[in-house]
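Here's the letter readout for the chains.
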Amino acid sequence: MIKKCLFPVAGYGTRFLPATKSMPKEMMPIVNKPLVQYGVEEAFNAGMTDMAFVTGRGKRAIPDHFDISYELEAQIAGTDKENHLIGIRNLIDNCTFTYTRQMQMKGLGHAILTGETLIGDRPFGVVLADDLCIAKGQSVLSQLVSLHEEFRCTVVAIEEVPPDETHKYGVISGQEVRPGVYRVDTMIEKPAPAEAPSNLAIIGRYILTPDIFDIIRKTPPGRNGEVQITDALMEQARAGNVIACKFSGKRFDCGSVDGFVEATNYCYENLYLTDDSALD
Ligand code: G1P
(Lines give C-alpha, C1' and ligand atoms only; values in the text may rest on other atoms or scores of the structure.)
Protein backbone atom coordinates (compact mmCIF):
# COMPACT_ATOMS: atom_id res chain seq x y z
CA MET A 1 0.00 0.00 0.00
CA ILE A 2 1.29 3.45 -0.89
CA LYS A 3 0.61 5.69 2.10
CA LYS A 4 2.74 8.76 1.43
CA CYS A 5 2.30 11.53 -1.06
CA LEU A 6 4.78 14.34 -1.70
CA PHE A 7 3.65 17.83 -2.65
CA PRO A 8 6.44 20.07 -3.94
CA VAL A 9 4.96 23.51 -3.21
CA ALA A 10 7.98 25.78 -2.93
CA GLY A 11 7.68 27.40 -6.39
CA TYR A 12 7.06 31.13 -6.75
CA GLY A 13 4.10 31.20 -9.14
CA THR A 14 5.42 34.20 -11.04
CA ARG A 15 2.84 33.77 -13.81
CA PHE A 16 0.18 34.85 -11.33
CA LEU A 17 1.81 37.98 -9.97
CA PRO A 18 0.65 40.12 -8.30
CA ALA A 19 -1.80 37.56 -6.79
CA THR A 20 1.07 35.34 -5.67
CA LYS A 21 3.24 38.09 -4.21
CA SER A 22 2.44 37.07 -0.64
CA MET A 23 0.02 34.17 -1.22
CA PRO A 24 1.18 30.68 -2.27
CA LYS A 25 0.06 29.86 -5.81
CA GLU A 26 -1.24 26.52 -4.46
CA MET A 27 -3.77 28.45 -2.36
CA MET A 28 -5.38 30.03 -5.43
CA PRO A 29 -8.99 28.83 -5.39
CA ILE A 30 -10.79 27.04 -8.17
CA VAL A 31 -14.27 28.34 -7.29
CA ASN A 32 -14.13 28.06 -3.49
CA LYS A 33 -11.43 25.47 -2.87
CA PRO A 34 -7.65 25.97 -3.02
CA LEU A 35 -5.74 24.01 -5.65
CA VAL A 36 -3.68 22.23 -3.01
CA GLN A 37 -6.82 20.85 -1.37
CA TYR A 38 -7.91 19.26 -4.65
CA GLY A 39 -4.47 17.62 -4.80
CA VAL A 40 -4.64 16.32 -1.23
CA GLU A 41 -8.16 14.98 -1.81
CA GLU A 42 -6.94 13.16 -4.90
CA ALA A 43 -4.11 11.56 -2.90
CA PHE A 44 -6.51 10.63 -0.09
CA ASN A 45 -8.90 9.07 -2.60
CA ALA A 46 -5.98 7.04 -3.93
CA GLY A 47 -5.52 5.54 -0.43
CA MET A 48 -2.73 7.84 0.80
CA THR A 49 -2.92 9.38 4.27
CA ASP A 50 0.56 10.80 4.93
CA MET A 51 0.76 14.14 3.14
CA ALA A 52 4.32 15.48 2.92
CA PHE A 53 4.99 19.02 1.72
CA VAL A 54 8.19 20.56 0.46
CA THR A 55 7.50 24.20 1.16
CA GLY A 56 9.47 27.40 1.04
CA ARG A 57 9.40 30.97 2.22
CA GLY A 58 6.00 32.65 2.07
CA LYS A 59 4.04 29.38 2.12
CA ARG A 60 2.70 29.39 5.68
CA ALA A 61 -0.89 29.59 4.48
CA ILE A 62 -0.60 25.94 3.40
CA PRO A 63 0.08 24.42 6.87
CA ASP A 64 -2.53 26.81 8.28
CA HIS A 65 -5.08 25.50 5.79
CA PHE A 66 -4.54 21.91 6.91
CA ASP A 67 -5.08 22.79 10.56
CA ILE A 68 -7.96 23.75 12.82
CA SER A 69 -8.93 27.43 12.77
CA TYR A 70 -10.38 27.71 16.29
CA GLU A 71 -11.69 31.24 16.19
CA LEU A 72 -13.39 30.89 12.83
CA GLU A 73 -14.79 27.45 13.64
CA ALA A 74 -16.18 28.57 16.99
CA GLN A 75 -17.76 31.55 15.24
CA ILE A 76 -19.66 29.47 12.66
CA ALA A 77 -20.38 26.42 14.86
CA GLY A 78 -23.99 25.28 14.51
CA THR A 79 -24.66 27.35 11.35
CA ASP A 80 -25.01 26.24 7.68
CA LYS A 81 -21.58 27.68 7.03
CA GLU A 82 -20.03 24.70 8.76
CA ASN A 83 -20.96 22.60 5.73
CA HIS A 84 -18.23 24.33 3.76
CA LEU A 85 -15.67 22.81 6.12
CA ILE A 86 -16.80 19.18 5.84
CA GLY A 87 -14.27 18.36 3.10
CA ILE A 88 -11.25 19.91 4.77
CA ARG A 89 -12.19 18.51 8.20
CA ASN A 90 -12.38 15.05 6.69
CA LEU A 91 -8.79 15.43 5.45
CA ILE A 92 -7.58 16.84 8.77
CA ASP A 93 -9.21 14.00 10.72
CA ASN A 94 -7.87 11.22 8.53
CA CYS A 95 -4.46 12.36 7.33
CA THR A 96 -1.16 13.51 8.78
CA PHE A 97 0.65 16.52 7.37
CA THR A 98 4.40 16.99 7.49
CA TYR A 99 6.55 19.79 6.13
CA THR A 100 10.12 20.50 5.22
CA ARG A 101 11.54 23.53 3.50
CA GLN A 102 13.44 23.79 0.25
CA MET A 103 15.68 26.78 0.80
CA GLN A 104 16.84 27.30 -2.75
CA MET A 105 14.91 26.75 -5.98
CA LYS A 106 17.08 24.21 -7.74
CA GLY A 107 14.43 22.34 -9.72
CA LEU A 108 11.73 19.72 -9.26
CA GLY A 109 14.29 16.92 -8.86
CA HIS A 110 15.93 18.85 -6.04
CA ALA A 111 12.54 19.53 -4.44
CA ILE A 112 11.71 15.82 -4.48
CA LEU A 113 15.10 14.96 -2.98
CA THR A 114 14.46 17.54 -0.24
CA GLY A 115 11.33 15.53 0.62
CA GLU A 116 13.30 12.31 1.19
CA THR A 117 13.40 12.93 4.94
CA LEU A 118 9.57 12.86 5.01
CA ILE A 119 9.16 9.91 2.65
CA GLY A 120 11.74 7.27 3.64
CA ASP A 121 12.24 4.09 1.65
CA ARG A 122 8.84 3.07 0.30
CA PRO A 123 7.17 3.94 -3.05
CA PHE A 124 5.27 7.23 -2.88
CA GLY A 125 3.01 9.51 -4.87
CA VAL A 126 3.92 12.97 -6.15
CA VAL A 127 1.28 15.59 -6.92
CA LEU A 128 2.06 18.91 -8.58
CA ALA A 129 -0.95 20.83 -7.33
CA ASP A 130 -1.04 23.34 -10.18
CA ASP A 131 -2.02 20.50 -12.51
CA LEU A 132 -5.66 20.00 -11.52
CA CYS A 133 -6.95 16.56 -12.47
CA ILE A 134 -10.64 15.73 -12.53
CA ALA A 135 -11.70 12.17 -13.33
CA LYS A 136 -15.04 10.48 -13.29
CA GLY A 137 -14.58 7.31 -11.22
CA GLN A 138 -11.01 6.38 -10.31
CA SER A 139 -8.85 9.49 -9.71
CA VAL A 140 -5.76 9.99 -11.85
CA LEU A 141 -3.37 9.22 -8.97
CA SER A 142 -5.39 6.12 -8.15
CA GLN A 143 -5.07 4.96 -11.78
CA LEU A 144 -1.29 5.24 -11.37
CA VAL A 145 -1.40 3.29 -8.09
CA SER A 146 -3.18 0.42 -9.87
CA LEU A 147 -0.46 0.33 -12.53
CA HIS A 148 2.26 0.46 -9.87
CA GLU A 149 0.66 -2.58 -8.20
CA GLU A 150 0.74 -4.37 -11.54
CA PHE A 151 4.22 -3.36 -12.78
CA ARG A 152 5.97 -2.68 -9.41
CA CYS A 153 7.94 0.25 -10.80
CA THR A 154 7.74 4.02 -11.27
CA VAL A 155 4.60 5.23 -13.07
CA VAL A 156 4.01 8.66 -14.66
CA ALA A 157 0.82 10.16 -16.07
CA ILE A 158 0.98 11.41 -19.66
CA GLU A 159 -1.25 13.11 -22.17
CA GLU A 160 -0.98 14.08 -25.81
CA VAL A 161 -0.15 17.75 -26.33
CA PRO A 162 0.06 19.80 -29.53
CA PRO A 163 3.57 19.34 -31.01
CA ASP A 164 4.37 23.05 -30.54
CA GLU A 165 3.88 22.72 -26.76
CA THR A 166 6.46 20.03 -26.01
CA HIS A 167 8.84 22.70 -24.67
CA LYS A 168 6.60 23.07 -21.59
CA TYR A 169 6.82 19.44 -20.44
CA GLY A 170 8.87 16.34 -19.88
CA VAL A 171 8.22 14.26 -23.00
CA ILE A 172 8.48 10.47 -23.27
CA SER A 173 8.50 7.75 -25.86
CA GLY A 174 8.31 4.01 -25.37
CA GLN A 175 6.73 0.71 -26.31
CA GLU A 176 2.96 0.60 -25.98
CA VAL A 177 2.39 -2.55 -23.91
CA ARG A 178 -1.37 -2.19 -24.12
CA PRO A 179 -3.60 0.68 -25.24
CA GLY A 180 -2.52 3.81 -23.39
CA VAL A 181 0.20 2.11 -21.31
CA TYR A 182 3.86 2.50 -22.34
CA ARG A 183 7.14 1.11 -21.08
CA VAL A 184 9.25 4.23 -21.35
CA ASP A 185 12.59 4.19 -23.15
CA THR A 186 13.22 7.92 -23.67
CA MET A 187 12.41 10.98 -21.56
CA ILE A 188 13.49 14.54 -22.34
CA GLU A 189 12.76 17.62 -20.27
CA LYS A 190 11.13 20.46 -22.22
CA PRO A 191 12.36 19.56 -25.72
CA ALA A 192 11.87 21.87 -28.70
CA PRO A 193 9.39 20.28 -31.15
CA ALA A 194 12.24 19.08 -33.39
CA GLU A 195 13.95 17.24 -30.48
CA ALA A 196 10.78 15.80 -28.96
CA PRO A 197 10.59 12.00 -29.13
CA SER A 198 6.77 12.20 -29.35
CA ASN A 199 3.92 14.47 -28.24
CA LEU A 200 3.31 12.45 -25.05
CA ALA A 201 3.85 14.91 -22.18
CA ILE A 202 4.27 14.09 -18.50
CA ILE A 203 1.73 15.81 -16.28
CA GLY A 204 2.07 16.42 -12.55
CA ARG A 205 1.23 12.98 -11.18
CA TYR A 206 3.84 10.33 -10.41
CA ILE A 207 4.33 7.16 -8.38
CA LEU A 208 8.04 6.95 -7.66
CA THR A 209 10.10 4.12 -6.26
CA PRO A 210 12.52 5.22 -3.51
CA ASP A 211 15.71 4.41 -5.46
CA ILE A 212 14.92 7.72 -7.19
CA PHE A 213 16.53 9.59 -4.28
CA ASP A 214 20.00 8.09 -4.85
CA ILE A 215 19.59 8.67 -8.57
CA ILE A 216 18.65 12.34 -8.07
CA ARG A 217 21.70 12.79 -5.84
CA LYS A 218 23.84 11.81 -8.83
CA THR A 219 21.84 13.75 -11.44
CA PRO A 220 23.61 16.89 -12.70
CA PRO A 221 21.62 20.06 -13.37
CA GLY A 222 19.88 19.88 -16.77
CA ARG A 223 17.35 22.13 -18.52
CA ASN A 224 17.45 25.71 -17.14
CA GLY A 225 20.37 24.74 -14.87
CA GLU A 226 17.96 22.87 -12.56
CA VAL A 227 18.03 19.29 -11.27
CA GLN A 228 15.24 17.75 -13.32
CA ILE A 229 13.15 14.79 -12.14
CA THR A 230 12.78 13.82 -15.81
CA ASP A 231 16.56 13.30 -16.10
CA ALA A 232 16.56 11.12 -12.96
CA LEU A 233 13.60 9.13 -14.26
CA MET A 234 15.50 8.49 -17.50
CA GLU A 235 17.98 6.49 -15.43
CA GLN A 236 15.14 4.27 -14.20
CA ALA A 237 13.73 4.09 -17.73
CA ARG A 238 17.08 2.76 -19.05
CA ALA A 239 16.53 -0.23 -16.78
CA GLY A 240 12.95 -0.64 -18.05
CA ASN A 241 11.50 0.61 -14.78
CA VAL A 242 9.21 3.44 -15.87
CA ILE A 243 5.62 2.97 -17.04
CA ALA A 244 3.67 5.87 -18.55
CA CYS A 245 -0.11 5.92 -18.58
CA LYS A 246 -2.51 7.97 -20.69
CA PHE A 247 -4.88 8.61 -17.81
CA SER A 248 -8.61 8.92 -18.17
CA GLY A 249 -9.98 12.24 -17.04
CA LYS A 250 -9.29 15.91 -17.58
CA ARG A 251 -6.24 17.90 -16.61
CA PHE A 252 -6.02 21.67 -16.37
CA ASP A 253 -2.73 23.55 -16.28
CA CYS A 254 -3.65 25.91 -13.47
CA GLY A 255 -0.13 27.34 -13.48
CA SER A 256 -1.22 29.28 -16.57
CA VAL A 257 -3.92 31.93 -16.60
CA ASP A 258 -5.77 30.24 -19.50
CA GLY A 259 -5.79 26.84 -17.79
CA PHE A 260 -6.83 28.39 -14.50
CA VAL A 261 -9.83 30.14 -16.04
CA GLU A 262 -10.78 27.00 -17.97
CA ALA A 263 -10.62 24.93 -14.75
CA THR A 264 -12.71 27.50 -12.91
CA ASN A 265 -15.42 27.46 -15.56
CA TYR A 266 -15.40 23.67 -15.74
CA CYS A 267 -15.60 23.15 -11.98
CA TYR A 268 -18.25 25.81 -11.57
CA GLU A 269 -20.49 24.24 -14.21
CA ASN A 270 -19.78 20.57 -13.63
CA LEU A 271 -19.19 20.33 -9.88
CA TYR A 272 -20.34 23.40 -8.03
CA LEU A 273 -23.68 23.95 -9.75
CA THR A 274 -24.58 20.29 -9.95
CA ASP A 275 -23.61 19.06 -6.51
CA ASP A 276 -23.70 21.20 -3.39
CA SER A 277 -21.21 19.07 -1.56
CA ALA A 278 -18.77 18.57 -4.45
CA LEU A 279 -16.63 21.56 -3.59
CA ASP A 280 -16.91 21.39 0.20
C1 G1P B 1 7.37 19.95 -14.33
C2 G1P B 1 8.26 18.82 -14.87
C3 G1P B 1 7.84 18.44 -16.28
C4 G1P B 1 6.36 18.08 -16.29
C5 G1P B 1 5.52 19.23 -15.70
C6 G1P B 1 4.08 18.82 -15.54
O7 G1P B 1 7.63 21.11 -15.10
O8 G1P B 1 9.61 19.25 -14.85
O9 G1P B 1 8.60 17.33 -16.72
O10 G1P B 1 5.97 17.81 -17.62
O11 G1P B 1 6.01 19.61 -14.41
O12 G1P B 1 3.29 19.89 -15.10
P13 G1P B 1 7.18 22.59 -14.61
O14 G1P B 1 5.74 22.72 -15.01
O15 G1P B 1 7.37 22.63 -13.13
O16 G1P B 1 8.07 23.53 -15.36
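Data block above holds the structure.
Conventions and cut-offs
Residues numbered from 1 in each chain as written. Predicted model: local features only at pLDDT ≥ 70, side-chain atom pairs only at ≥ 80, totals over all residues. Heavy atoms only, no water. Buried < 20%, exposed > 50% of the residue type's maximum accessible area, 1.4 Å probe, protein only. Helix = DSSP H or I, 4+ residues; strand = E, 2+ residues; numbered from the N terminus. Core = buried A, V, L, I, M, F, W, Y, C linked by side-chain atoms within 4.5 Å. Contact = heavy atoms within 4.5 Å. 1 Å grid on protein atoms, 1.4 Å probe; cavity = no way out; pocket = protein on both sides within 12 Å on 5 of 7 lines; lining within 4 Å. Points joined across faces, edges and corners; volume = space filled by probe spheres on them. Nonpolar A, V, L, I, M, F, W, Y, C, P; charged D, E, K, R; others polar.

**Some words on helix α1 (residues 35-45)**
It helps to recall that an α-helix has 3.6 residues per turn; residues three or four apart then point in one direction.
Argument step 1. With nine of 11 residues buried, α1 is to be regarded as a mostly interior element.
Argument step 2. Within the sequence span of α1, burial applies to L35, V36, Q37, Y38, G39, V40, E41, E42 and A43.
Argument step 3. After α1 finishes, the residue G47 shows a positive phi value of roughly 95 degrees.

**Focus: the nonpolar core**
Argument step 1. Residues F7, M48, M51, F53, F66 and L141 are the most contacted members of the largest nonpolar core, which totals 38 residues.
Argument step 2. Counting only elements with at least two residues in this core, the list comes to β1 (4-8), α1, β4 (50-55), α4 (86-94), α7 (140-151), β8 (154-160), β11 (200-208) and β12 (242-246).
Argument step 3. When near neighbours in sequence (up to four residues on either side) are disregarded, L141 contacts C5, E42, A43, A46, M48, V126, V127, R205, Y206 and I207.
Argument step 4. Counting residues in hydrophobic clusters, the runner-up holds 33 residues, among them A111, Y182, L233 and M234.

**Some thoughts on the environment of P179**
Argument step 1. On the secondary structure map, P179 appears in the loop between β9 (170-178) and β10 (181-189).
Argument step 2. A residue is classified by how much of its surface remains accessible, and P179, at 76% relative accessible area, is exposed.

**Some remarks on the layout of surface pockets**
Argument step 1. Each pocket or cavity is described by its volume, and for the largest pocket that value is around 1100 Å³.
Argument step 2. Mapped onto the lining of the largest pocket, the elements with two or more residues apiece are α5 (108-114), β11, α9 (229-238) and β13 (250-253).
Argument step 3. Ranked by the residues each element gives to the lining of the largest pocket, the list is headed by β11, at four residues.
Argument step 4. Here the residues of the lining of the largest pocket sort into 18 nonpolar, 11 polar and 12 charged.
Argument step 5. Each pocket or cavity is described by its volume, and for the second largest pocket that value is around 470 Å³.
Argument step 6. Lining the second largest pocket are 21 residues, with E41, N45, C133, I134 and A135 sitting closest to its centre.
Argument step 7. Elements with a contribution of two residues or more to the lining of the second largest pocket: α1, α4, β7 (131-134) and α10 (257-272).
Argument step 8. The biggest single contributor to the lining of the second largest pocket is α1, with five residues.
Argument step 9. Grouping the amino acids of the lining of the second largest pocket by side-chain chemistry returns 11 nonpolar, six polar and four charged.

**Observations regarding the environment of L118**
Argument step 1. Tracing the backbone shows L118 in helix α6 (residues 116-119).
Argument step 2. On the basis of relative accessible area, L118 is assigned to the buried category, the value being 17%.
Argument step 3. Taking the C-alpha atoms as reference, L118 lies 9.0 Å from V54; in sequence the two are 64 residues apart.
Argument step 4. Not counting chain neighbours up to four residues away, the residues in contact with L118 comprise K4, A52, F53, T98, Y99 and T100.

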